[in-house]
Amino acid sequence: MANQPTYLVALRQGQTLLAGAKQDPSAAQYLLTEAHGWTFTQLVLHYRDTMPVAEYHTFQEQLQRVAAGEPAQYVLGRASFYGRDFRVTSATLIPRQETEELVSWILAVTRAAPLQILDVGTGSGAIALTLKAERPAWQVTATDISAAAVAVAQENAQRLTTPVTFTTGDLFAPVSHQRFDVIVSNPPYIDRAETVVMDESVKRYEPEQALYAANHGLDFYERFAQELATYLLPGGQFFAEIGYQQGAAVKSIFTDALPNATVTVKTDINGHDRMVRVQL
């Protein structure tokens, strides 16, 4: 054990390895803090502690996977979203800060009274489960075309003890003849032409079905625009994440299809168009 590195030495080694592989060196710190549920301050307090042999070997294996380009969240099998941990797999997208902003917007402008909520394309269940956890009076249904993704979402619901109804199918097919106060979606919205500027790890590891959409990434917004009036209750709201260059096009899609609706595009923390709300 005398030759075993401390946490600080292991961290520095990991950062050097990742930098040499042209990956983000901060992933080494992320792997260590997430493995223990530590904050950075807690990690610092353990800097001079010797890392156990088994943990060191696990850390090295994880570093090699990240060095090869695999996202650290997939390596760990979990990702943080809105203060909660969600299991993620290759069947689900990794939840991101922009989607947290979408959830915050929904919570800020929607009343807390009992409502019927639908999350289309739920993936890991991050949006649906967060809305239910933050607003227990809401009845939340979540759908996804991927049975593997729904299985992950159900596992997250059980672990978080958050009751959400999950069902499998394309868009509104699993909820035909139902209507909702709020419909939310983080749909596929990337144009295949954008692959040349995308992060390599996203292209290699995240599920294509959840990333790309036809018609320059606008296909799902067009489909939603045609069907929202059927599935939203009077006065209902639709929220969706959008690509940072899609604000004007998405607004036009919904205003053309639903001329009496109020369509609002909202920017994210970086000032990019990122969200849309359609109010009937």
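Look up: the structure comes first, before these words.
Residues numbered from 1 in each chain as written. Predicted model: local features only at pLDDT ≥ 70, side-chain atom pairs only at ≥ 80, totals over all residues. Heavy atoms only, no water.

Participant: Can you break down the nonpolar core residue by residue, with the values?
Facilitator: Soluble globular proteins tend to pack their nonpolar side chains together in the buried interior. Counting 34 residues, the largest nonpolar core has Phe172, Ile183, Leu228 and Phe254 as its most contacted members. Within the residue set of this core, elements represented by two or more residues are strand S3 (116-120), strand S6 (180-185), helix H11 (219-231), strand S7 (232-241), helix H12 (247-257) and strand S9 (273-279). Broken down by element, this core gets its largest block of residues, six residues, from H11. Setting aside anything within four residues of it in sequence, one finds Phe172 in contact with Leu118, Val120, Ile183, Phe224, Glu227, Leu228 and Tyr231. (Core = buried A, V, L, I, M, F, W, Y, C linked by side-chain atoms within 4.5 Å. Buried < 20%, exposed > 50% of the residue type's maximum accessible area, 1.4 Å probe, protein only. Helix = DSSP H or I, 4+ residues; strand = E, 2+ residues; numbered from the N terminus. Contact = heavy atoms within 4.5 Å.)

Participant: Got a sec to walk through the sheet that holds S6? Specific residues and values, please.
Facilitator: Pairing in this open sheet of seven strands is mixed, and the strands run S5-S4-S3-S6-S7-S9-S8 from one edge to the other. At either end of the open sheet lies a strand with only one pairing partner, and these are strand S5 (165-168) and strand S8 (262-267). Each neighbouring strand pair of the sheet contributes to a mean axis angle of 15°, computed without reference to strand direction. Along the sheet, helix H6 (residues 97-109) contacts S6, S7, S8 and S9; its crossing angle with S7, the most-contacted strand, is approximately 155°. Seen against the sheet, helix H8 (residues 147-159) touches strand S4 (139-144) and S5 and runs at an angle of roughly 170° to S5. (Pairing = 2+ DSSP bridges. Axes fitted to C-alpha atoms, helices over the stretch in contact; angles between N-to-C directions.)

Participant: Quick rundown of H12? Include the residues and the values.
Facilitator: What H12 keeps buried is the set Gly247, Val250, Ile253 and Phe254. Considered in projection along H12, the buried side chains sweep an arc of 135° and stay on one side of the axis. Of the exposed residues in H12, the ones pointing more than 90 degrees away from its buried face are Ala248 and Asp256. On its buried side, H12 packs onto H11, S7, S8 and S9. (Arc of directions from axis to C-beta.)

Participant: Describe the packing of helix H1 (residues 7-20) against helix H2 (residues 26-36), with residues and values.
Facilitator: Two packed helices can be described by the angle between their axes and the distance between those axes. One way to put it is that H1 packs onto H2 with a least axis distance of 8 Å and a crossing angle of 135°. In terms of their interaxial angle, H1 and H2 are classed as oblique. Only Ala27, Ala28, Gln29, Leu32 and His36 of H2 make contact with H1, whose side of the interface consists of Tyr7, Leu11, Gly14, Gln15 and Leu18. Here the residues of the contact of H1 with H2 sort into six nonpolar, four polar and no charged. (Parallel < 35°, antiparallel > 145°, perpendicular 65-115°, else oblique. Nonpolar A, V, L, I, M, F, W, Y, C, P; charged D, E, K, R; others polar.)

Participant: Any chance you could break down the environment of His216 for me, citing the residues and the numbers?
Facilitator: Examined against the element boundaries, His216 turns out to sit in helix H10 (residues 214-217). Take His216: its relative accessible area is 57%, and that puts it in the exposed class. Spatially, the C-alpha atom of His216 lies 9.5 Å from that of Gln246, the residues being 30 residues apart in sequence. Excluding anything up to four places from it in sequence, His216 contacts Asp191 and Gln246.

Participant: How would you summarise the packing of aromatic side chains if you had to cite specific residues and measurements?
Facilitator: Counted according to the given criterion, the structure contains eight aromatic pairs. Geometrically, the ring pair formed by Phe81 and Tyr82 is tilted, given 6.3 Å between the ring centres and 40° between the ring planes. On the basis of relative accessible area, Tyr82 is assigned to the partly exposed category, the value being 26%. Between Phe224 and Phe238 the ring centres are 4.8 Å apart and the planes differ by 40°, which places this aromatic pair in the tilted class. (Phe/Tyr/Trp six-rings, centres within 6.5 Å; stacked < 30°, edge-to-face > 60°.)

Participant: Run through the packing of H2 against helix H4 (residues 53-67), naming residues and quoting values.
Facilitator: At a minimum axis distance of 11 Å, the contact between H2 and H4 shows a crossing angle of 135°. Between H2 and H4, the angle falls in the class oblique. The handedness of the crossing between H2 and H4 is right-handed. Of H4, the residues touching H2 (which contributes Ala27, Ala28, Leu31, Leu32 and His36) are Glu55, Phe59, Gln62, Leu63 and Val66. Among the residues making up the contact of H2 with H4, the classes are represented as seven nonpolar, two polar and one charged. (Left-handed = near helix turned anticlockwise from the far one by under 90°.)

Participant: So what's going on with the pattern of salt bridges? Residues and values would help.
Facilitator: Overall, the coordinates contain eight salt bridges when judged by the stated rule. Linking Glu134 and Arg84 is a salt bridge whose minimum nitrogen-to-oxygen distance equals 2.9 Å. With Glu134 in helix H7 (residues 126-134) and Arg84 in strand S2 (residues 84-87), the pair connects residues that are 50 residues apart, well separated along the chain. Here Arg96 ties to Glu206 by a salt bridge, and the two come within 2.4 Å at their closest N and O atoms. With Arg96 in the loop between S2 and H6 and Glu206 in the loop between helix H9 (200-205) and H10, the pair connects residues that are 110 residues apart, well separated along the chain. Exposure remark for Arg96: the relative accessible area of 35% places this residue in the partly exposed category. (Salt bridge = Lys/Arg side-chain N within 4 Å of Asp/Glu carboxyl O.)

Participant: Would you mind going over the pairing of S9 in detail, with residue names and values included?
Facilitator: When you tally the buried positions in S9, you get five out of seven residues, the bulk of the element. Bridge count for S7 against S9 is five bridges, and the pairing is antiparallel. Counted as the bridge partner of Phe239 is Arg277 from S9. Two elements, S8 and S9, share six bridges in a ladder whose sense is antiparallel. Among the inter-strand pairings, Val265 is bridged to a residue of S9, identified as Val276. Between S8 and S9, which follow one another and run antiparallel, lie five residues, and Gly271 among them has a positive phi close to 85°.

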